[in-house]
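Breakdown of the fold
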Amino acid sequence: MTAQNRPDNDPLPEPTLFSAIITPHRSLSGTGFVLVMGLVGGLSFAGGMFFFLLGAWPVIGFLGLDVLLVYWAFRANYRAAAAYEELTVTPSELRLRRVSHRGEVAEWSLNPLWTQIDRETHDEYGLLRLFLVSRGRRLAVAGFLSPKEKESFAAALAVALGEARRGPTRAIV
């Protein structure tokens, strides 16, 4: 079936040269969270009982409040982990889609022929920030990655942008 006689008459989709979904790193698993909260709760309970036996019973409420605040902080951290960035490069478009932890979506579409990668580096720490620059717009990308991961990401993205600049290659049959 050719493009002219396809039922929806849409052109064939472009090949994807590069695609990445970048998510925040979380080192504490669900089991680790339960263990940490058990440890914090157990220590607060033991401390509360010690002060209760000494006659300072109001301390129990403050130690219980500490456990609730630690729990709240971990839950907020896990909610923030729902954010992600999705970057896709095709021969005619570089699409950046950023989704916040609240589900708010921001999308940018850039021409890969005019897009450059800009780096902000530090002598001691390495690559700190990575930007996509096109037509005066400067978009920060890969903020969730470590400096070494950003280097690897920037190298792979540079290869994909170079391939997009070269244009499509056709096999001679």
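Residues numbered from 1 in each chain as written. Predicted model: local features only at pLDDT ≥ 70, side-chain atom pairs only at ≥ 80, totals over all residues. Heavy atoms only, no water.

**Some remarks on the overall build of the chain**
A tally of regular secondary structure across the chain gives three helices and seven strands. Shown N-terminal to C-terminal, the secondary structure of the chain runs as helices and strands in the order β-α-α-β-β-β-β-β-β-α. Considering only contacts within the chain whose residues lie at least 6 apart along the sequence, 49% involve residues at least 24 apart. (Helix = DSSP H or I, 4+ residues; strand = E, 2+ residues; numbered from the N terminus. Contact = heavy atoms within 4.5 Å.)

**Details of the pairing of strand E4 (residues 105-110)**
Relative to E4, strand E3 (residues 93-99) is paired through six bridges, and the arrangement is antiparallel. When the sheet's bridge partners are listed, Leu-96 is paired in E4 with Trp-108. Turn length for the E3-E4 hairpin, with the two strands adjacent in sequence and antiparallel, is five residues, and the turn residue Gly-103 shows positive phi of about 95°. (Pairing = 2+ DSSP bridges.)

**What about a nonpolar patch on the surface?**
Where nonpolar side chains cluster on the molecular surface, the patch consists of Phe-45, Met-49, Phe-52, Leu-53, Trp-57 and Ile-60 and spans about 690 Å² of accessible area. No other element matches helix H1 (residues 30-54), which puts four residues into the nonpolar patch. Its location among the elements puts Trp-57 in the loop between H1 and helix H2 (59-80). For Trp-57, a relative accessible area of 58% corresponds to the exposed category. (Patch = residues over 30% accessible without salt bridge, like charges linked within 9 Å, V, L, I, M, F, W, Y side chains within 5 Å. Areas by Shrake-Rupley, 256 points an atom, 1.4 Å probe, with all protein chains shown as cover. Salt bridge = Lys/Arg side-chain N within 4 Å of Asp/Glu carboxyl O. Buried < 20%, exposed > 50% of the residue type's maximum accessible area, 1.4 Å probe, protein only.)

**Here's the deal with the environment of Leu-96**
Inspection of the secondary structure assignment puts Leu-96 in strand E3. A relative accessible area of 1% means that Leu-96 is categorised as buried. The sequence separation of Leu-96 and Leu-110 amounts to 14 residues, and the corresponding C-alpha distance is 8.2 Å. In this structure, Leu-96 is in contact with Glu-86, Leu-87, Ala-106, Glu-107, Trp-108, Leu-139, Ala-140 and Val-141, ignoring residues within four places of it in sequence.

**Quick word on the pairing of strand E1 (residues 18-22)**
What you see with E1 is a clean split: Phe-18, Ala-20 and Ile-22 sit on the buried side and Ser-19 and Ile-21 on the side with no burial. As judged from the five bridges shared by E1 and strand E2 (residues 84-90), these two strands associate in the antiparallel manner. Paired with Phe-18 across the strands is Val-89, a residue of E2.

**Examining the side chain of Thr-115**
On the secondary structure map, Thr-115 appears in the loop between E4 and strand E5 (116-122). For Thr-115, the contacting residues outside a window of four places in its chain are Leu-94, Leu-110, Leu-132, Val-133, Ser-134, Leu-161 and Arg-165.

**Describing the sheet that holds E5**
Backbone hydrogen bonds are what pair the strands of a sheet, in a parallel or an antiparallel way. Strand order in this open sheet of three strands is E5-E6-E7, and the pairing throughout is antiparallel. At either margin of the open sheet sits one strand with a lone partner, and together these are E5 and strand E7 (137-141). Taken over all neighbouring pairs, the strand axes of this sheet differ in orientation by 30° on average, direction set aside. On the sheet, helix H3 (residues 147-166) packs against E5, strand E6 (126-134) and E7 and is oriented at approximately 30° with respect to E6. (Axes fitted to C-alpha atoms, helices over the stretch in contact; angles between N-to-C directions.)

**Considerations on the pattern of salt bridges**
Throughout the structure, instances matching the rule amount to seven salt bridges. In this structure, the salt-bridge partner of Glu-107 is Arg-97, at a minimum N-O distance of 3.5 Å. Here Glu-107, found in strand E4, pairs with Arg-97, found in strand E3; they are ten residues apart in sequence, far enough to count as distant. The closest approach of N and O atoms between Glu-151 and Arg-119, which form a salt bridge, is 3.2 Å. Taken as a pair, Glu-151 in helix H3 and Arg-119 in strand E5 lie far apart in primary sequence, 32 residues in all.

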